[in-house]
Amino acid sequence: MKKYVIEGGNPLFGDVQISGAKNAAVAIIPAALMVDGVCRIENIPQISDVSLLLTILHDLGANIRTINRNTVEIDCSRVHNGQVPYDLARRCRASYYMIGSLLGRFGLADVALPGGCDFGGTRPIDQHLKGFRALGAQVEVQGGFINASAAEIGGRLRGASIFLDKVSVGATINIMLAATLADGYTVVENVAKEPHIVDVANFLNSMGADIKGAGTDILKIRGVERLHGGTYSIIPDQIEAGTYMAAVAACGGQIRVCNIIPKHMDCITAKLLEMGVEVEEIDDNLLVRRIGPLMKTNIKTMPYPGFPTDMQPQLAAALCLAHGTSIITESVWSSRFRYADEFKRMGAQIQVDGNLAIIEGVEQLSGAQIEACDLRAGAAMVIAALAAYGTSEITGVQYIERGYEDVIEKFRKLGGNITAVEVADAEEVLSAG
């Protein structure tokens, strides 16, 4: 185990290269299970969730060849097992995409409930299961496993009309995966429209799928007999880019965010402009500058193209230093405000009432010992620590490394004073002193 030690209080300057989208990669890798042939996937982020999913594919019988640190070739033609190893599935939330992929290809899936997933809790998967059942699968949840089978309808799913009760990114992708190889025509209404959903659809279409409507409210999928091999490059990570933009908002300075799709950033850029941050689009880069004071703003998280819930904690970190009172309304995930108590340790004035957080900006934050409780909260704590005066120590950094490639190196190149320290080594030093 390790922790991050951060000496804050310095503005950020320089260029940062954005990696491939984590939320696209963790769906595209399971989708490779459905391809009959070799698929080459480029711009894969080097993060722990990706490593776990590649390990799962290997354990299922896939042949995986690493071309370079961001490119792999995957051949799933010899995969023969529909059961995902329990210990691996429990460590990766995106392992639930294995259900749609295995069910679509084999008509059978046996997958442990993903790590951190509380069935019926804050991240239920009831809409996933509704979609699988509509496609003809028999689905049971027993002993921590999801067992899905199309045996009663001949082993192949059948196209259907599905209306999601709520907009769900995970359910949209999982149903799309399952329906790609189904017999017949599937229409899914009230779907999510995030950029990484479009990216997954584009990946499948490049391998021979027939999917229309990705990025709109209605998905139309005509099932095909097989998918063929090919090459595909994952889009840049909208949330990683937004995280570095939020960091310069909190710390001040000027950075160039490189290798992005600027249109994907509009919902984040709009809020930063309200806060007094300057953002200039230059081809596939954004120049982000904050020289003057930060101003208050109100945020309400919404499905895309609204403000993303995955960016809410990072903007909250910056708003802790803004002039005036800001109000954040969280309308997607009820547990997003768990970071509030950690920010208070740093001197932030933040109060949480249900799905509302009220932030009264302060002149400065102070370094403290804090703990990351999830991926995006962890990123927000890095931002707060970089902006704070003094030294902060962040534990629970394994959450951060689930979704951010080379986060320490990238912040160092921008002038951030951040170091990873093995916890055991640090304790030995303290005891020796």
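Refer to the preceding data block for the structure.
For clarity, every value in this text was computed on a predicted model and none was experimentally measured. (Residues numbered from 1 in each chain as written. Predicted model: local features only at pLDDT ≥ 70, side-chain atom pairs only at ≥ 80, totals over all residues. Heavy atoms only, no water.)

Q: A description of the packing of aromatic side chains should follow, citing residues and the corresponding values.
A: Between two aromatic rings, the relevant description is the distance of the centres plus the angle of the planes. Taken as a whole and judged by the stated rule, the model has 6 aromatic pairs. Note on Phe203 and Tyr232: the rings are 5.8 Å apart at their centroids and 80° apart in plane angle, and the pair reads as edge-to-face. Placement of Phe203 in helix 7 (residues 195-206) and of Tyr232 in strand 13 (residues 227-233) is noted, with a sequence separation of 29 residues between them. Residue Phe203 is classed as buried on the basis of its relative accessible area of 0%. By relative accessible area, Tyr232 is classed as buried at 13%. Here the aromatic rings of Tyr339 and Phe343 are separated by 4.9 Å at their centres, their planes lie at 50°, and the arrangement is tilted. (Phe/Tyr/Trp six-rings, centres within 6.5 Å; stacked < 30°, edge-to-face > 60°. Helix = DSSP H or I, 4+ residues; strand = E, 2+ residues; numbered from the N terminus. Buried < 20%, exposed > 50% of the residue type's maximum accessible area, 1.4 Å probe, protein only.)

Q: Please set out helix 5 (residues 126-134) residue by residue, giving values where relevant.
A: Regarding helix 5, the residues found buried are Gln127, His128, Leu129, Gly131 and Phe132. The secondary structure elements touched by the buried residues of helix 5 are helix 4 (97-106), strand 7 (138-142), strand 8 (145-149), strand 9 (161-163) and helix 6 (169-180). Immediately downstream of helix 5, the backbone of Gly136 shows phi near 105°, a positive value. (Contact = heavy atoms within 4.5 Å.)

Q: Residues and numbers for the packing of helix 1 (residues 22-31) against helix 2 (residues 48-59), please.
A: At a minimum axis separation of 10 Å, helix 1 and helix 2 run at an interaxial angle of 0°. On the basis of their axis angle, the class for helix 1 and helix 2 is roughly parallel. Each of Lys22, Ala25, Val26, Ile29 and Pro30 in helix 1 lies in contact with helix 2, whose residues at this interface are Asp49, Val50, Leu53, Leu54 and Leu57. The residue makeup of the contact of helix 1 with helix 2, split by class, is 8 nonpolar, no polar and 2 charged. (Axes fitted to C-alpha atoms, helices over the stretch in contact; angles between N-to-C directions. Parallel < 35°, antiparallel > 145°, perpendicular 65-115°, else oblique. Nonpolar A, V, L, I, M, F, W, Y, C, P; charged D, E, K, R; others polar.)

Q: With reference to specific residues and values, describe the pairing of strand 18 (residues 325-329).
A: The pairing of strand 17 (residues 299-300) with strand 18 spans 2 bridges and is classified as parallel. Of the residues in strand 18, the one forming a bridge with Ile299 is Ile328. Running through helix 10 (residues 312-319), the crossover from strand 17 to the neighbouring parallel element strand 18 is right-handed. The sheet contact formed by strand 18 and strand 20 (residues 356-360) spans 5 bridges and is antiparallel. Looking at the pairing, Thr325 lines up with Glu360 of strand 20. (Pairing = 2+ DSSP bridges. Right-handed = clockwise from strand over helix to strand, strands pointing away.)

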